[in-house]
Amino acid sequence: MTALLCAASSAGADAPRDIATNLRLWLDGMDVNATDTTSNGGGTNPAGGAQVSSWKDKSANGYTAGDAASYGANTRTYPTYSANTGVSFNGTSDVLEIAGNIFGTNSVTASEVLLVASTRSIASLPVLFGGGPKGYSPSNRYMLSLPWNDGNIYWDQGNTTGGRVTVNWAGTSPVLGRMYLYGLRSGTGGGAIIRDGATLGSTTTTATYSPAANHYFEIGSGENDYRRHHDGVVGEMLIYTRVLKVAERNILQSYLAAKHGNPGGAGAASKYASSAGFNYFVGGIGQESDGSVTVGTSAGLTITNGTYLGNGRYLLAGVSSLAPATGTVAADAPAGSGARSQRIWYLQQSGTSTGNVTLAFNLAQLGITASTGSTMALGYRSGTTGTFTSLATTSYSGSGTVSFTATSPQTGYYVLGTPGAPSPNIVTTLSSAVTSDSVNSSNFKAIPGARIRINVVVINSGTGSADNNATSVVIPVPANSRLYLGDLGGTGSGPVQFTQGTTPSGLSYSFGGLANTTDSLDFSNDAGTTSTYTPVTTPNLTDPAITAFRIKPSGTFGTGTAPNNPSFSLGYDVIVQ
C-alpha cells in the first residue's frame, strides 16, 4: 500500500448518486422525504401506518408524487408507510401522482427501470405505475402491471405491440407479499423483464413513448379510469431514460438487493453481499465488456479505479446503518493511531484482486476534524472483530480528504485511523544559572548566599488545549534554598517573570501581591499538596516555610505545529542556604 493526497472526494454517497446520468426519477421507500443528502442518516419518513401524502424524488429533477389531482371528484386515497420497508398501496384506491410527466418533452426511445416491490394479491386490473394521457392510449403509454389480473406482467414503453414485454408472473414460482428486485428495460435490441437477476422474458422489438403536457405519471395506479390499483409495497424505484451498461446495472442491483434485504438478491448480477449487515449506502466500481464504472462512493468513502478494473472485476463498499456513525473511537484502532473512524466499511472484491485503487475519506462526511500535518492511517481487518492493521499512513494536508492507494485490495473491513481526539501535551524544560554569590565577583558559585536564576519553559506540543483556566504549573523550591520574594521586574512585578514564547501561549498572567488569592501566583508550605499559604517575608525577602509555588495563568493554552508550538516561560530566583 502507498499513500497520497487528492482533491475532495465526490459528493456522492451510494450507487444511484454515482450513476446519475439520465436518472429521471428516484423514489426511496427508506427516505420518503428525500432529506438524506449527506449519507449521514438524514433520511426521514412518516410514522409506520401513517398516510404518505408526498413522496419526494431524490434525483436531480426534484419531482413530488402527491395527490392524484387528475382524478377530479373520483375517489382516491393516499398510500400508507410500511416502516423500514416502503410505501404500501391497498389495491383499491391508493395512488400518488406526479403532475405532468417525468420525461419533459423528450421522446423516450430507451429506458430502464429498477424496482423493489411486492405484490400482495393479484387485484382487478392492477397497475403499479403508469405515464400517459387520460385513458392511457395503447398506442402511447409508459406503464407496468405487476401483474395484471390474467397473471401476466406487462411492461409497456410506447405501445402495447412493439413496445410491450409480456411474461407470466408465476414463471419462477414467486411468493405473494415478498419483496422482489425487478429490472425492466427497453431500447436498442429490444426489451426485457428481470426478477432477482434472472431474465423472465424479453423481446427484440421496441417502441417510443412521446410525453405531452396533458400526460400524467401515477404510482400505485394507472390509466386514469380510477380503478386500476396495485396491491403491494414499493420499496424503491429508479427510472433512467437510457439502457444501462451491464456494470452499472449490476452495481445498482447489488445496492438495491443489499439495502432491502432481498432474499433472492440480484442473482448472477449481485457483486456485493454482507453477512454482517453492512447493507447500506452500497456503491463502488466495476467493469464488463460494454463499459465500466470507474468512481463509486459509499457514505464518505470514494473508490477510484487506478489499474484494478478488468472485465468481471468489481470493488463495492457498504456500511452497517442508514444512520452511519460519525466521529472517532479509540477501540481497535490501528497501531500508531490514537483512534479510528467510528464508521466502518465492508469492501467486497469480485474477480482477480490485482491492480490498484484509490480509497479517499471525506472528513466532513465522517464528522472528523484533523490538524494539518496529522498522521492518518488506512486500517483493515478481515473479520468483524479485532484490532485493525495499519496498511498505510499519510500526513494530512488540510484539504478535507485523506486518500490512500490500495494495491490488490482485499475483501474485508476498512477504517480511517486518526491521531485521536485533540489533546494537549504540556512539556516543561528547566535551566538555571548562578547570577551572584557572597564571595566572587565573577564565575559565581552555588555557595550559601548565592542567587540562582531558574527559567522554566512550558510548551503545548499537543493537538488540543487544556480546558479554559485549567493550565497550572507547580514548581518545587530546591532543597537547601529559598524562593526570592522580591520584585524581579519593576516595582510590584512580583517574584516570577512571565514571558510569552515566540508563538504566544494565549494565556495571561497577573500578580496582585504576595497575599492575593485571585491572581496567577500561589504558594505552598506542604510541597505543593495545597497552594493556600500566605508568605511571611524575612529581611532578605525569603520565607523558609515556602516549599513550592503554583503558576495558574488564565485563558486557554493555544495549539500549533512544530516548530511553532505555543509556549511561555517562567523566571524566578532562589537563594542558596
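Conventions adopted
- Residues numbered from 1 in each chain as written.
- Predicted model: local features only at pLDDT ≥ 70, side-chain atom pairs only at ≥ 80, totals over all residues.
- Heavy atoms only, no water.
- Pairing = 2+ DSSP bridges.
- Helix = DSSP H or I, 4+ residues; strand = E, 2+ residues; numbered from the N terminus.
- Axes fitted to C-alpha atoms, helices over the stretch in contact; angles between N-to-C directions.
- Salt bridge = Lys/Arg side-chain N within 4 Å of Asp/Glu carboxyl O.
- Buried < 20%, exposed > 50% of the residue type's maximum accessible area, 1.4 Å probe, protein only.
- Contact = heavy atoms within 4.5 Å.
- Phe/Tyr/Trp six-rings, centres within 6.5 Å; stacked < 30°, edge-to-face > 60°.

J.: I keep staring at the sheet that holds strand S12 (residues 164–168) and nothing clicks. Help me out?
T.: In sheet architecture, strand pairing relies on hydrogen bonds along the backbone and comes in two forms, parallel and antiparallel. A sheet is described by the order of its strands in space; here six strands give the open sequence S7-S16-S9-S10-S11-S12, paired in antiparallel fashion. Two strands close off the open sheet at either side, each with one partner strand: strand S7 (96–98) and S12. Strand-to-strand twist of the sheet, defined as the mean angle between neighbouring strand axes without regard to direction, takes the value 15°. Sheet topology places S7 next to strand S16 (residues 216–219); three bridges connect them, and they run antiparallel. Looking at S16, one finds that Leu 96 is bridged to Ile 219.

J.: Would you take a moment to explain the pattern of salt bridges for this structure?
T.: On inspection of all chains with the given rule, the structure shows 18 salt bridges. Of the charged contacts, one joins Arg 76 and Asp 67 as a salt bridge, the two residues approaching to 3.0 Å between their closest N and O atoms. When its relative accessible area of 24% is taken as the criterion, Arg 76 is described as partly exposed. Here Glu 248 and Arg 242 are joined by a salt bridge, their closest N and O atoms 2.9 Å apart. In this pair, the class of Glu 248 matches that of Arg 242, namely buried. A network of salt bridges, in which partner residues are shared, links Asp 28, Asp 31, Lys 58, Glu 236 and Lys 259.

J.: Whenever I open this one, the environment of Gly 104 confuses me. Can you help?
T.: Residue placement: Gly 104 occurs in the loop between S7 and strand S8 (111–117). Looking at Gly 104, the relative accessible area reads 34%, which means it is partly exposed. The sequence separation of Gly 104 and Pro 211 amounts to 107 residues, and the corresponding C-alpha distance is 6.9 Å. Among residues more than four places away in sequence, those in contact with Gly 104 are Arg 24 and Pro 211.

J.: What should I look at first to understand the packing of aromatic side chains in this one?
T.: Each aromatic ring pair is summarised here by two numbers: the centre-to-centre distance and the angle between the ring planes. Summed over the entire model, instances satisfying the criterion amount to 19 aromatic pairs. Geometrically, the ring pair formed by Tyr 142 and Tyr 209 is tilted, given 5.9 Å between the ring centres and 40° between the ring planes. Of the two residues, Tyr 142 sits in strand S10 (residues 141–145) while Tyr 209 sits in the loop between strand S15 (198–203) and S16, which places them 67 residues apart along the sequence. Here Tyr 142 and Tyr 209 have matching classes, each one buried. Ring centres of Phe 549 and Tyr 572 lie 4.9 Å apart, and the angle between their planes is 75°; on these two criteria the pair is classed as edge-to-face. Within this pair, whereas Phe 549 is found in strand S38 (residues 548–551), its partner Tyr 572 is found in strand S40 (residues 567–576), the two being separated by 23 residues in sequence. This pair shows no difference in class: Phe 549 is buried, exactly as Tyr 572 is.

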